[in-house]
Amino acid sequence: MERSSWLMYFSTFAAALAGFLFGFDTIVISGAEQSIQELWNLSDLFHGTFITSMALWGTVVGALFGGVPCDRYGRRRTLFWIGILYLLSALGSAFAPSPYIFSAARFIGGLGVGASSVAVPVYIAEITPASDRGKLGALYQFNIVFGILVAYLSNYWIGTAFGESAWRWMLGVEAIPAAVFCTFVLGVPESPRWLVLQGKKESKARDLLQRLKPGKSIEKILTAIKRSVREEIPLSKFLSGTFQFPILLAFLVAFFNQMSGVNFVLYYAPRIFERAGIEAGAVLGASVPIGVVNLLFTLLGMYLIDNFGRKKLLYVGSFGYIASLLGVSWAFFSGAQGAVVVIFVCAFIASHAVGQGAVIWVFISEIFPNAVRDYGMSLGSGTHWVMAATITLLTPTVLSTFSGAQIFAFFAGMMCLQLLFVWLIMPETKGLTLEEMEVKLGISTEALEEEMGIDPEAESPSAV
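Keep in mind that what you see is a predicted model, and the values were worked out from it rather than measured.

## Quick word on the overall build of the chain
- From N to C terminus, the chain includes 24 helices and 0 strands.
- Once local pairs closer than 6 in sequence are excluded, the contacts in the chain between residues at least 24 apart make up 83%.
- Summed over its atoms, the accessible surface of the chain is roughly 19,500 Å², and 65% of this surface lies on carbon and sulfur atoms.

## Some words on a nonpolar patch on the surface
- On the surface, Leu 248, Leu 417, Leu 420, Trp 423, Leu 424 and Ile 425 cluster together into a nonpolar patch covering about 590 Å² of accessible area.
- If you tally residues by element for the nonpolar patch, the top one is helix 22 (residues 404–424), at 4 residues.
- Within the element layout of this structure, Leu 424 appears in helix 22.

## Some thoughts on the pattern of salt bridges
- Within this structure, the stated rule accounts for 1 salt bridge.
- Of the charged contacts, one joins Asp 25 and Arg 106 as a salt bridge, the two residues approaching to 3.5 Å between their closest N and O atoms. Of this pair, Asp 25 sits in helix 1 (residues 6–27) while Arg 106 sits in helix 7 (residues 99–127), and the two are 81 residues apart along the sequence. The residues Asp 25 and Arg 106 share a single accessibility class, namely buried.

## Here we look at unusual backbone geometry
- Even without being glycine, Asn 41 reaches a positive phi, approximately 50°.
- Here Asn 41 lies in the loop between helix 2 (33–40) and helix 3 (44–52).

## Points about the packing of aromatic side chains
- A full pass over the atoms with the stated rule returns 22 aromatic pairs.
- Between Phe 13 and Phe 184 the ring centres are 6.2 Å apart and the planes differ by 50°, which places this aromatic pair in the tilted class. Separated by 171 residues along the polypeptide, Phe 13 in helix 1 and Phe 184 in helix 10 (residues 175–185) bring together distant segments of the chain.
- Judged by relative accessible area, which is 38%, Phe 13 ranks as partly exposed.

Rules and cut-offs
- Residues numbered from 1 in each chain as written.
- Predicted model: local features only at pLDDT ≥ 70, side-chain atom pairs only at ≥ 80, totals over all residues.
- Heavy atoms only, no water.
- Helix = DSSP H or I, 4+ residues; strand = E, 2+ residues; numbered from the N terminus.
- Contact = heavy atoms within 4.5 Å.
- Areas by Shrake-Rupley, 256 points an atom, 1.4 Å probe, with all protein chains shown as cover.
- Patch = residues over 30% accessible without salt bridge, like charges linked within 9 Å, V, L, I, M, F, W, Y side chains within 5 Å.
- Salt bridge = Lys/Arg side-chain N within 4 Å of Asp/Glu carboxyl O.
- Buried < 20%, exposed > 50% of the residue type's maximum accessible area, 1.4 Å probe, protein only.
- Phe/Tyr/Trp six-rings, centres within 6.5 Å; stacked < 30°, edge-to-face > 60°.

Listed below in structure tokens is the structure:
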């Protein structure tokens, strides 16, 4: 490895730390939400609307509009302010004197989560060479899962060490990694691609490209960047018939991801285990295996996805979902308690991590041509977070209305529908070039060029 490429590795690592904050912020509420509801004597509807799901509604807004500051102010500056959002959210949640202030603080953290899901993949993709982009991009997903595990461990340790104020410490401790992230981001360069697109100091962009991607043809990269501007397609054309099949695929993959009940389990694991007969003092400890299993099977899914294929992993995940969810439903129906429920829930998390968890973001990014990939990712991400927020909003009411057996049987039924989707509709994308993907998904080269307004006779620069 050439010496100058260390800047690229450091910058990738620093940006990927946002994934740790993403995972931690998303899950930390699971250990605190019951104490908060009891402290402020909140109804189920208010609790679901303003306490547990508020961060997710912030995530929806952040995901849909996170690209605006990225384009206007730059990737590096956006990453820094994402860290500030996490820091403000952690401190605001910890010191909140009322549920309304708490909700506002959680919404701010959600903005950070949503914006990071746009800004970090974009930044990493723009500073890494094509040969390393897959594994370095996966570092972000790994950090998300690692953050989830640390949140479970942190909630358990703090929950056993502190008294009534434990929930404030659970949420406030996130300020430490948020401050570390902000400090690291100060040491990374701006994206050379953004500098070129904004017409700012092309010589500086050329120098950064040479430092980040040594040995590459810098002039070819600059030419490809300039062409990408010419190839940009407006939203109205993206929503036309040319891209209807990949749009359907992105929507359904994101829809079924949340209809598995994964956020229901991750956010409300302590309540689920308490309902299963586990003592109140042990529910946080029972949640820790979820984080461990999630991390291990995410690593397995990342290893298998290029060898085994996306479609096959979703087959495995779908069968695992159905079996484990029916197992949890049976446990609640039959009265089996304690470790039985924990085992089935962990099997469910393993099925998610090796299937949907590993596939969703890779698959959505693959099925759209470069010219409309931003729109496709926004559509898939927006669908994912809207569904996640809706499920989290309704969960307290659902828990008080339906039995555990009924809830998990419903999720199992939805996963039967996902299995049909994988079997009848979902294509395999492993090992296909963009051109082969377009043919397989019914996007003809002629139609794509017409949408872009490109002269098919014009010479195009080599792909980089």
